[in-house]
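Residue strings, one per chain:
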Amino acid sequence: MEILIIFSILIITSIISFISKNLKFVSISTTCGILVCFLASVRFIVLIRQSDSIAYFGNLVYLDSLNVIQIFIITSVALIAAVYSYRYILNEVMDGEISIKRARIYYFLFNAFVFSMLITAVSNNVMGMWIGLEATTIATSFLIGFHRDKLSLEAAWKYIIICSTGLIVGLVGIIMLIYSAEYGATYVDFSWTSLLQAFSSSNGLYNRIGFTLIFVGLGTKVGFAPMHTWLSDGHSEAPSPISAMMSGVLLNLAMYVILRFYIIVKSFPGLGNLKYLFIVFGLVSLIVSSFSMLKQTNYKRLLAFSSIENMGIIAIGIGFGGFWGIFGALLHSVVHAFGKSLLFLGAGNLLSALKTKRIEKVNSLVRLMPKNAVFLIIGMLIIVGSPPFATFFSEFSILNAGIQQGHYISAGIYLLCLILVFAGFLNIFIRMIFKNPEGKEYVKLEKDNENIWPLVLSLAFVVLITITFSNYFVTILEKAVSIIGI
Amino acid sequence: MLEILTAVILITAIIMAGFRRINLLTKGFRIQSLAIGLLCFALGYLSGESHYYVIGVLTLITKTVLIPHFMNRSIKELSANREMDPIINGWWSSVIAGIFIAVIYVVMEGFNSDFIIAGVVLLVTGALMLVARKKAITQMTGFLVMENGLVLLELSMIKMGLLIDILIILEVLLISAIMAIMIFYINKVFHSVNTDYLSNLKD
């Protein structure tokens, strides 16, 4: 019943943004709609604590612990972004940069984006997962090219070509997997739960080729290294709340779909070597992004490369395996979502106040915008993996798992890249916040005070996860790890 | 009958890889989609199942009528109507497409169904068109050829439910509409659709 409520409310809010002419009404109705979805996801978490998995509507919707974590991340980051967009879009309309009609299109596409992500997250049908991912490509390509100037159009064109090609390759892989699972059967059952049992007597070659195609194809949407070229442009040109949602949630969701297929294929006897796919692509992503981060001149592009690095860490965690590797990877994906949205929304505040994206033009933020500077420092510490926050524990447990399983060289490269990222990221942010080049006198900007509440909300989520960790959160994570299997 | 249609599909793939004029690309794509639609009808007639007919009708409607209509509307505004200096020359692209067909036939000899091989050929030729060209409209055509290959592959391998087929074709339609709108805007802002101008955001 809750599923019907969520989807019908999202459809209603998108229709409202289409017909209503009043911008404030549209944005408040979007925020309320996503608040209802968030409450429904909290209810799902409570339901999952008691039973291991729930299925609705016959076999169309299937919720277990992996799913429920993703739904929670989607709705909470969407709530934070919706609260932020209210002020952000209102400012842009009042400055005259966009018209009210384009602002309504923004809210329509925002609702469509959340709708398609939720379809991917709750679906049991493997084709439904793929269709949801393709629908997110449709919804976000116009959000990236929102401002319609030269750089945005370039970023949007690269995004749509690269991601659509990747998804076609992924579909070829899915078709191969299903062909080998249902070899000779007359009726093809697409649900994930039945594919899990159908793999006892199937062809090893098809499985290997199919999973590799799925990994490379859907890995384009995750942002693994040779296929990452759209990410740095797309996330730096999109409006800030959309960047936050794409970085924190969409990359995670594509990783979740790859993980579903990995669970199916892993139990087949000859395929124990598939984890090396994860480790190799994760390490290449980590190396490429950590070296690229050192020479960036645009702070939003820096944050986009940091997303690639974090996705590499999650892939390495899944590849290393064992209880601690997978536990660390799942914990990292949750905390990264909130930390990255904190950073992107803070960067959005910077952009609307200082109107420049270049790092060397931003100086002495501690005097210009002190409240934002505090949140930026905290966000940077979360992303880089510094001790009081949960990212330190997740990265450390992944390292632990790597040494336990005997991958010494990979763990060594992983550690080196993490140290590189720690130093480089910290250096750039400390320069932006504390540097005072000519000893000029800086006066606090008026614009510092607005749009702080979404940042507070993101930080509140991170703290909430830490406080409820040993009660709610760790049981859900442990159930999720046991679904993936060791 | 089926072999003739498969041969038409492969020949259009080779010829389209070598085209330089943009309006010929739309015509070639139309012929290819017509051949695939007729193939679906023939398969439905031979095996007697009704779901092949539905896929055939949907493919014909979207890929021979709607998508070329979108492409023509955005092509009308373009000033230059041929590809000036592609990355791989026109004649060499056709030759490479032909070599790919031969290689794929040899590699995939274990499969006894013809359409899987044709599907993979279309995928590879579409990828060649995507990579080796500089104009945005040709890249879009390469993507659509890849989608044609996907339809062939999915016809021969598994039998998908009706709703999923409709949704996949709807997605292709929406993505082509979005690409056509984006090409229109690229033309308006840059005054050309050469993707050489789209490289300001390098590292």
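Keep in mind that what you see is a predicted model, and the values were worked out from it rather than measured.

### So, the overall build of chain A
Next, step 1: Within chain A, the secondary structure is distributed over 19 helices and 2 strands.
Next, step 2: Radius of gyration (C-alpha) of chain A: 22 Å, near the 23 Å computed for a compact globule of 486 residues.
Next, step 3: Principal axes of the C-alpha set define a box for chain A whose edges measure 75 × 55 × 45 Å.
Next, step 4: Taken over 486 residues, chain A has a buried fraction of 65%.
Next, step 5: Considering only residue pairs separated by 6 or more positions, chain A has 80% of its internal contacts joining residues 24 or more positions apart.

### A look at the pattern of salt bridges
Close approach of charged atoms allows side chains of opposite charge to pair.
Residue and element names in this part refer to chain A.
Next, step 1: Tallied over the entire structure, the rule returns 5 salt bridges over all chains.
Next, step 2: D64 serves as the salt-bridge partner of R260, at 3.0 Å between the closest nitrogen and oxygen. Residue R260 is located in helix 10 (residues 240–266), and its partner D64 is located in the loop between strand 2 (61–63) and helix 3 (65–95); the two are separated by 196 residues in the primary sequence. Pair check on accessibility: R260 and D64 agree, each one buried.
Next, step 3: Residue E154 is joined to K158 by a salt bridge in which the shortest nitrogen-to-oxygen separation is 3.7 Å. In this pair, E154 and K158 are both assigned in helix 6 (residues 150–181), 4 residues apart and thus about one turn of the helix distant.
Next, step 4: E154 gets classed as buried once you look at its relative accessible area, which sits at 1%.

### Section: the environment of L416 of chain A
Next, step 1: Note on placement: L416 of chain A falls in helix 17 (residues 408–434).
Next, step 2: Counting along the chain gives 130 residues from L416 of chain A to L286 of chain A, while the straight-line C-alpha distance between them is 10.0 Å.

### A word on the packing of helix 9 (residues 229–237) of chain A against helix 12 (residues 299–320) of chain A
All names here are of chain A.
Next, step 1: Running from amino to carboxyl end, helix 9 crosses helix 12 at an angle of 130 degrees, the nearest separation of the two axes being 8 Å. Judged by the angle between their axes, helix 9 and helix 12 are oblique. Considering the relative orientation of helix 9 and helix 12, their crossing is right-handed. Across the interface between the two elements, L231, S232, D233, H235 and S236 of helix 9 pack against K300, R301, A304, F305 and I308 of helix 12.
Next, step 2: Split into classes, the residues belonging to the contact of helix 9 with helix 12 amount to 4 nonpolar, 3 polar and 3 charged.

### Notes on the UniProt feature "transmembrane region" (unreviewed entry) in chain B
Residues and elements named next belong to chain B.
Next, step 1: UniProt's feature table lists "transmembrane region" (unreviewed entry) at residues 6–22, 29–46, 52–71, 91–108, 114–132 and 162–186, given in the numbering used throughout.
Next, step 2: In this annotation, residues 6–22 is assigned 76% helix and 0% strand; the end-to-end C-alpha distance for the span is 24 Å.
Next, step 3: Each end of residues 162–186 is marked by a C-alpha atom, and these two atoms are 36 Å apart; helix forms 100% of the span and strand 0%.

Parameters at a glance
Residues numbered from 1 in each chain as written. Chains lettered and ligands numbered in written order. Predicted model: local features only at pLDDT ≥ 70, side-chain atom pairs only at ≥ 80, totals over all residues. Heavy atoms only, no water. Helix = DSSP H or I, 4+ residues; strand = E, 2+ residues; numbered from the N terminus. Rg over C-alpha atoms; globule rule 2.2 N^0.38 Å. Buried < 20%, exposed > 50% of the residue type's maximum accessible area, 1.4 Å probe, protein only. Contact = heavy atoms within 4.5 Å. Salt bridge = Lys/Arg side-chain N within 4 Å of Asp/Glu carboxyl O. Axes fitted to C-alpha atoms, helices over the stretch in contact; angles between N-to-C directions. Parallel < 35°, antiparallel > 145°, perpendicular 65-115°, else oblique. Left-handed = near helix turned anticlockwise from the far one by under 90°. Nonpolar A, V, L, I, M, F, W, Y, C, P; charged D, E, K, R; others polar. UniProt positions renumbered as here; feature names shortened; annotations may be inferred.

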